[in-house]
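Analysis of the macromolecular model
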Amino acid sequence: MKNDKLYQWCDQIWLHVLYGIGIAMSCLLVSRWSDISMPSKLMYMLTIMVPLHVFEENTFPGGFFFMNNLGQKSDRPMVYPQNMLTNMITNFEKYEPMQGGKNNG
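Report on the accompanying structure.

1. Quick word on the nonpolar core
Grouped burial of nonpolar side chains is what soluble globular proteins tend to show. If you look at the biggest cluster of nonpolar residues, it comprises ten residues: Tyr 7, Cys 10, Trp 14, Leu 15, Leu 18, Val 50, Val 54, Phe 65, Met 84 and Met 88. Contributing elements (two or more residues each) for this core: helix 1 (5-31), helix 2 (38-59) and helix 4 (84-93). Look past the residues within four positions of Cys 10 in its chain and what remains in contact with it is Met 84, Leu 85 and Met 88. Membership of the second largest hydrophobic core comes to five residues, among which are Met 25, Leu 29, Ile 36 and Tyr 44.

2. Topic: unusual backbone geometry
Residues other than glycine seldom take positive phi values, yet Lys 73 does so here, at roughly 60 degrees. Take Lys 73: it is sitting in the loop between helix 3 (64-71) and helix 4.

3. Thoughts on a nonpolar patch on the surface
Residues Trp 33, Met 38, Leu 42 and Met 45 make up a contiguous nonpolar surface patch of roughly 390 Å² in combined accessible area. Classification of Trp 33 by relative accessible area gives partly exposed; the value is 41%.

4. What about the packing of helix 1 against helix 2?
Look at helix 1 against helix 2: their axes get within 9 Å of each other, and the N-to-C directions meet at 150 degrees. Taken together, the axes of helix 1 and helix 2 lie roughly antiparallel to each other. The handedness of the crossing between helix 1 and helix 2 is left-handed. Residues Trp 14, Leu 15, Leu 18, Tyr 19, Ile 21, Gly 22, Met 25, Ser 26, Leu 28 and Leu 29 of helix 1 pack against Lys 41, Tyr 44, Met 45, Thr 47, Ile 48, Val 50, Pro 51, Val 54, Phe 55, Asn 58 and Thr 59 of helix 2. Considered class by class, the residues forming the contact of helix 1 with helix 2 number 15 nonpolar, five polar and one charged.

The rules we used
Residues numbered from 1 in each chain as written. Predicted model: local features only at pLDDT ≥ 70, side-chain atom pairs only at ≥ 80, totals over all residues. Heavy atoms only, no water. Core = buried A, V, L, I, M, F, W, Y, C linked by side-chain atoms within 4.5 Å. Buried < 20%, exposed > 50% of the residue type's maximum accessible area, 1.4 Å probe, protein only. Helix = DSSP H or I, 4+ residues; strand = E, 2+ residues; numbered from the N terminus. Contact = heavy atoms within 4.5 Å. Patch = residues over 30% accessible without salt bridge, like charges linked within 9 Å, V, L, I, M, F, W, Y side chains within 5 Å. Areas by Shrake-Rupley, 256 points an atom, 1.4 Å probe, with all protein chains shown as cover. Salt bridge = Lys/Arg side-chain N within 4 Å of Asp/Glu carboxyl O. Axes fitted to C-alpha atoms, helices over the stretch in contact; angles between N-to-C directions. Parallel < 35°, antiparallel > 145°, perpendicular 65-115°, else oblique. Left-handed = near helix turned anticlockwise from the far one by under 90°. Nonpolar A, V, L, I, M, F, W, Y, C, P; charged D, E, K, R; others polar.

Such coordinate-based values are descriptive only and should not be taken to indicate function.
Here it is in structure tokens:
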């Protein structure tokens, strides 16, 4: 199972991608500060905050889905009812409204 690509992606790789997005957005925000409108600055800041939120939720202290599953008295707290896949999907959904386009209202 640990050789499965989806497992590897949901385990650590997506976290590194998300942290990379946060670092890139931080660099862009700092380097283009005077050229960016205030609403765009706020969107940059929100985009930067998502990886920080994911870090505290996923990796410190032990993972939010694991703690939730313990609270629900799961006999398999690492995988049921919440797991790495559902957690990754939930957190990447936070980026969807920030992408721009016709779905932003």
